[in-house]
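Examination of the molecular architecture
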Amino acid sequence: MSRTAAQDVIEDMSATSIDLTVVVPAYNEEERLAPTLDAIVTYLSRTAGAGNGADPHAWEIVVVDDGSTDATGEVVAGAAAREPRIRLVSSPGNRGKGNALRLGVLASRGRRVLVTDADLAAPIEELDRLDKALTDGHAAAIGSRATAGATIERHQHRIRELLGRAGNVLIRQVAVPGIRDTQCGFKLFDGDRAREAFAASRLDGWGIDVEILQHFRRSGWPVAEVPVRWSHQPGSKVRPLDYGRMLAELAVLRVRATRPADLLVPVLFLLLSFALYSGRWADPGHRYLPDSLQDQNQWEWFFAITADNVSHLRNPLFTTLQGFPDGVNLMANTVMLGLSVPFAPLTLWLGPAVSLALVMTLGLAATATAWYWLIVKRVVRHRGAAFAGAALATFAPPMVSHANAHPNFVVLFMIPLMIDRALRLCAGTRVGHDGIVLGVMTAYQIYLGEEPLLLTSLGLVLFAGTYAALRPDVARAAWRPLAKGLGIAVAVCLPLVSFALYWQFFGPQSYKSVLHGDNAGNSPLALLAFAERSLAGDADHANALSLNPTEQNAFYGWPLALLALGIVVRLWDRALVKALAVTAAGAALLSLGPEVRVPLTDTTLPGPWKLLAHRPLFESVIEGRVAMVCAPALGMLLALALERLAPEPVAGTSIRVLTGARLVGLAAVVAALLPIVPAPLRTVPREKVPAFIADGTYKSYVREGESLVPVPLPDPGYAEALHWQTAAHLGFKLPGGYFNGPWGPDRIGIYGAVPRATSNLFSDVRNSGTAPDLEIRSWRQQARADFAYWKAGVLVLAPQAGDEALRKTVQDLTGDPGTWVGGVWVWDLDGKGTITTRPGGDARP
């Protein structure tokens, strides 16, 4: 029925004197319908309309036969012959409860409309309870089995009851929060509003109840949930497949409730993310991000080892495949178990290179979408402004820098969701529920990345402290529910992460803090300069102001800094703007590190980070990364400005125009953002895995309990051997490696394995390209001891810069020239540091 026709029906019905219409949907109900109609008629004949000034006889019953194949129609016809106020509406075929209710409500004429199931599981006498709620001013009163005061005299089967409860939880989350029982078939509506809602409905199945309640919510019509007496009746028409159909209808409702712009935004962000990684996707298995340095090799290994541990039911928090024989504490190395575990099947199927590329591409798009959702919900209503703000928060220069190498710093979709949940706690409406959800979210974020969570907490402290000082009235109302909710969140989170955190800080190969050096803070100039991958960036200048290409943690550019200053000045009257400004400025200042060098001078001043530098947890943070907190703060400021600059409506029309001042403002925004638009990340062909590894030749050299020792050993400077290992499906163990582990009696965290004399020697030769003059006896003894410690089965030297010097060094240490096999030089050992002889070998080209 069209909207216009439905409105005509509503106006026509409202002119009648019917006080109450009872709508009963029926499908193959010949056995149960007659007693139901008798009970309703008896009750209404005695009570309907009493006390409200209406005609006590002004009621009707509309039975909708939804294409029954039994004698349901004849039963209704017989009842109507005895009671003319019973009417039959027939559907040409069985289309579902939603279709039946829609036909019945639109055929109703009552001031009030009661819909009830044909089995009268909720007795008709419960109408009194619903009527009281309508009298109190509600537009609808729905019977509930899940609120205090409800009585269930006969329960459903336990499985059906469990499925129903699970469905109600899902319904509350995605459609009508706060209503505990949407599916009880006993509801009383204001007639006109019911007819309007059902005329606008589209679902034909069991989801109609949710759709109607959602319509009431969106229209601002109050709904009361009323406890009723309820008893399960045999002969239910709900079949097992109906639960699946219900889920599908919920999905349809969710999509229909979403604005087209909100559906388009994730697609646009996915396209932007794909464009950023386009070079990688050209051939994910054979392209490498050179600006990741060795991090791509490391992260692919993290995904591979997690998948291997999961598939073999091994401890996902530890391995000896790298750093052999001591091993690696994986929980202390940010392996992102929150994604590497669920992606394990894909990693095993298509390999870690594809998994990592997909995680970073989808993760970046999901992060942008989550910021968009938060900004629309909490900051601005203008979709275009929110899109721009979320794009800046996600694709800001420091985020693009980390997009080369650090998925834990770009896959941040949980952060906006957690911020929103914390804000819900401040409202104090559902403290217990929101606290539990926040606890689960926090636990999951810990398995995605702890450092981003710590930096987010630091940014929220800056924001909340400033906002509380500006709005003490809001702070006074919010602090109690917030504190209670955070306490609940901690209580929920700790059991989920306590073992993993214990393992991280006290388990094998754990460490206390990571040494980053004394220059990990940003230069003040870095805050105003342009990053390497920005359109206006210069690689030499950016790298001179940063630790490396993956740690360009500021680089917002001076035009954006000026724009942000202008936005803050223009919108200074808003507390939100002040709090965002202080958050961005505070994070920028903290990112300068414990000592701040005054640009163009040798003068250094103490920085505020000095107060945190040696505190637990903060001592392991690269302080320059604190500047990443500025990205979402600047994104929200940008969204606020763009909403203010949106076209103005022309009075009396739907036309919107841009005034001159707004055009100037938009031009300033474009001028500030254009220089930092990121170029696609640079990719190069990947180094080939030697045939000795790729075709499995190594297997005849590495026996059980032994390791394969690359020359030089893998370390943070060159970790290509990790790629060998993943290409060989983790078929051998590696000493050395690229990970964080302990060093010395104080267990200080370092990058890579604890160095040994022979590994240091190989590294020095690689870096210098020169074979040193060795005191052969002492170096041979040390090398034999190191080879035995590593349980070396074979030494492998692949072609590389300086490989002749490395080969000469190994020959001096072992007394053996090596054998050319499968594209590499190999020295066969016995696992105890002693060379064994093996005939054969290839001729080196």
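Below, the structure is looked at part by part. None of the values given here were measured: they were computed from a predicted structure.

Every α-helix winds through 3.6 residues per turn, so residues three or four apart in the chain are directed the same way. All of the buried residues along helix H5 (residues 127-135) are Leu 127, Leu 130, Ala 133 and Leu 134. The buried side chains of H5 occupy one side of the element, clustering within an arc of 125 degrees when seen end-on. Opposite its buried face, H5 presents the exposed residues Asp 128, Lys 132 and Thr 135, each directed more than 90 degrees away. Immediately downstream of H5, the backbone of Gly 137 shows phi near 110 degrees, a positive value.

Quick look at the pattern of salt bridges now. Inspection of every chain in the model, using the stated rule, returns 32 salt bridges. Here Glu 29 ties to Arg 32 by a salt bridge, and the two come within 3.0 Å at their closest N and O atoms. Relative accessible area serves as the criterion here: at 6%, Glu 29 is assigned to the buried category. A network of salt bridges, in which partner residues are shared, links Asp 19, Arg 111, Arg 112 and Asp 131.

Burial analysis of strand S2 (residues 59-65) places seven of its seven residues in the buried class, which makes it a mostly covered element. Neither face of S2 is exposed, since Trp 59, Ile 61, Val 63 and Asp 65 on one face and Glu 60, Val 62 and Val 64 on the opposite face are all buried. In the sheet, strand S1 (residues 20-26) pairs with S2 via seven bridges, with the strands oriented parallel. Its bridge partner being in S2, Val 24 is matched across the sheet by Val 63. Pairing of S2 with strand S3 (residues 86-90) involves five bridges; the strand directions are parallel. Within the sheet, the bridge partner assigned to Val 62 lies in S3 and is Arg 87. For the handedness criterion, the β-α-β arrangement of S2, helix H3 (residues 72-82) and S3 is classed as right-handed.

What follows concerns the packing of aromatic side chains. By the definition in use, this model includes 18 aromatic pairs. Here Phe 269 and Phe 387 contribute two aromatic rings whose centre-to-centre distance is 4.7 Å and whose plane-to-plane angle is 20 degrees, an arrangement assigned as stacked. Of this pair, Phe 269 sits in helix H10 (residues 260-276) while Phe 387 sits in helix H16 (residues 383-395); the two residues are 118 residues apart in sequence, bridging distant segments of the chain. Relative accessible area serves as the criterion here: at 0%, Phe 269 is assigned to the buried category. Residue Phe 387 is classed as partly exposed on the basis of its relative accessible area of 23%. Following the ring pairs from residue to residue traces out a cluster consisting of Phe 189, Phe 198, Phe 216 and Trp 221. Taking NZ or CZ as reference, Arg 756 lies 4.1 Å from the ring centre of Tyr 789, over its face.

Here the focus is the packing of H16 against helix H26 (residues 630-644). For the pair H16 and H26, interaxial distance at closest approach is 7 Å and the crossing angle is 160 degrees. The orientation of H16 relative to H26 falls into the category roughly antiparallel. When the axes of H16 and H26 are compared, the crossing they make is right-handed. Only Ala 631, Pro 632, Leu 634, Gly 635, Leu 638, Ala 639, Leu 642 and Glu 643 of H26 make contact with H16, whose side of the interface consists of Ala 385, Ala 386, Ala 388, Gly 389, Leu 392 and Ala 393. Each residue belonging to the contact of H16 with H26 can be placed in one class, and the counts come to 11 nonpolar, two polar and one charged.

Next up on the list: the pairing of strand S7 (residues 186-190). The buried fraction of S7 is high, at four of five residues. Judged from the five bridges that link them, strand S4 (residues 112-116) and S7 form a sheet pairing that is antiparallel. Bridge pairing links Val 113 to Phe 189 in S7. Across three bridges, strand S5 (residues 140-144) lies against S7 in antiparallel orientation. Bridging across to S7, Ala 140 finds its partner in Phe 189.

Parameters and conventions
Residues numbered from 1 in each chain as written. Predicted model: local features only at pLDDT ≥ 70, side-chain atom pairs only at ≥ 80, totals over all residues. Heavy atoms only, no water. Buried < 20%, exposed > 50% of the residue type's maximum accessible area, 1.4 Å probe, protein only. Helix = DSSP H or I, 4+ residues; strand = E, 2+ residues; numbered from the N terminus. Arc of directions from axis to C-beta. Salt bridge = Lys/Arg side-chain N within 4 Å of Asp/Glu carboxyl O. Pairing = 2+ DSSP bridges. Right-handed = clockwise from strand over helix to strand, strands pointing away. Phe/Tyr/Trp six-rings, centres within 6.5 Å; stacked < 30°, edge-to-face > 60°. Lys NZ or Arg CZ within 6 Å of the ring centre and 35° of its normal. Axes fitted to C-alpha atoms, helices over the stretch in contact; angles between N-to-C directions. Parallel < 35°, antiparallel > 145°, perpendicular 65-115°, else oblique. Left-handed = near helix turned anticlockwise from the far one by under 90°. Contact = heavy atoms within 4.5 Å. Nonpolar A, V, L, I, M, F, W, Y, C, P; charged D, E, K, R; others polar.

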